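# Remarks on the overall topology
Spelled out, the chains give:
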Amino acid sequence: MADRRRYRAYDAFFIAAFGMFVLVAFVHEPLFYLYCGWDGLRHDSCTNATVAQIWKSYAKADPVYFDMPLWMALMIGFDSILLSPFYVYAIYAFATGRVDTPLFRAVGYTVSGALIYAMVLYLTWEVISAKQYGTSLLPVIGYNLPWGLVPLLLVIRLYHGGKA
């Protein structure tokens, strides 16, 4: 088992990062589904003005949210439902020193691979279709990059943590 003191600062970073992911997955996105639905922005039919304004602000940079393709809605929905429990598990594992256990390492590598794949797919599509939708790439990439970068850093942390 790795020496936890060696990775204390990195582990605090991961607790904060996955804490942010939990907030988005369990609060921010569900409020969108609940109050706006997938067509709420397109039809301006969100039932909560505050939630609508938050999402409309993001959609100004990423107008695809006004007319979201089904594949993107499915990817976001699957991410929220299938991968978000890992965020909670990751916080627990980092807080209790269970990051370098075989179970967490196996789940961590698997979920990280899924997140990295999803972000490469999503951001590539955003770049390719930016002109069509009028997407402001810098804020869109800036907002979404953590969902690809944090898992990549986790893979590196898990790899090096297992060697200490």
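Our subject is the structure that appears above.
The sections below set out a description of the structure shown in this document. (Residues numbered from 1 in each chain as written. Predicted model: local features only at pLDDT ≥ 70, side-chain atom pairs only at ≥ 80, totals over all residues. Heavy atoms only, no water.)

A separate point is the layout of surface pockets. The gaps left among the atoms become clear once a water-sized probe is rolled over them. Its volume calculated, the largest pocket comes out at about 310 Å³. Along the walls of the largest pocket sit 17 residues, with Glu29, Tyr65, Ile76, Met119 and Asn144 positioned nearest its centre. Only helix 1 (8-35), helix 3 (49-61), helix 4 (70-96), helix 5 (102-133) and helix 6 (137-144) provide two or more residues apiece to the lining of the largest pocket. Considered class by class, the residues forming the lining of the largest pocket number 13 nonpolar, two polar and two charged. (1 Å grid on protein atoms, 1.4 Å probe; cavity = no way out; pocket = protein on both sides within 12 Å on 5 of 7 lines; lining within 4 Å. Points joined across faces, edges and corners; volume = space filled by probe spheres on them. Helix = DSSP H or I, 4+ residues; strand = E, 2+ residues; numbered from the N terminus. Nonpolar A, V, L, I, M, F, W, Y, C, P; charged D, E, K, R; others polar.)

According to the stated counting rule, one finds one disulfide in the structure shown. Between the sulfur atoms of cysteine 36 and its disulfide mate cysteine 46 the distance is 2.1 Å. Around the S-S axis, the bridge from cysteine 36 to cysteine 46 shows a dihedral of about 120° and counts as right-handed. Note that cysteine 36 is positioned in the loop between helix 1 and helix 2 (40-43) and cysteine 46 in the loop between helix 2 and helix 3, a separation of 10 residues in sequence. (Disulfide = S-S within 2.5 Å.)

With that settled, the discussion passes to the nonpolar core. Of all hydrophobic cores here, the largest spans 44 residues; its most connected members are Phe18, Tyr65, Tyr87, Phe104 and Tyr122. Of all the secondary-structure elements, those providing two or more residues to this core are helix 1, helix 3, helix 4, helix 5 and helix 7 (146-161). Here the element with the most residues in this core is helix 4; it accounts for 10 residues. Once residues lying within four places of it in the same chain are set aside, the contact partners of phenylalanine 18 are Phe86, Tyr87, Ala90, Ile91, Phe94, Val150 and Leu154. (Core = buried A, V, L, I, M, F, W, Y, C linked by side-chain atoms within 4.5 Å. Buried < 20%, exposed > 50% of the residue type's maximum accessible area, 1.4 Å probe, protein only. Contact = heavy atoms within 4.5 Å.)

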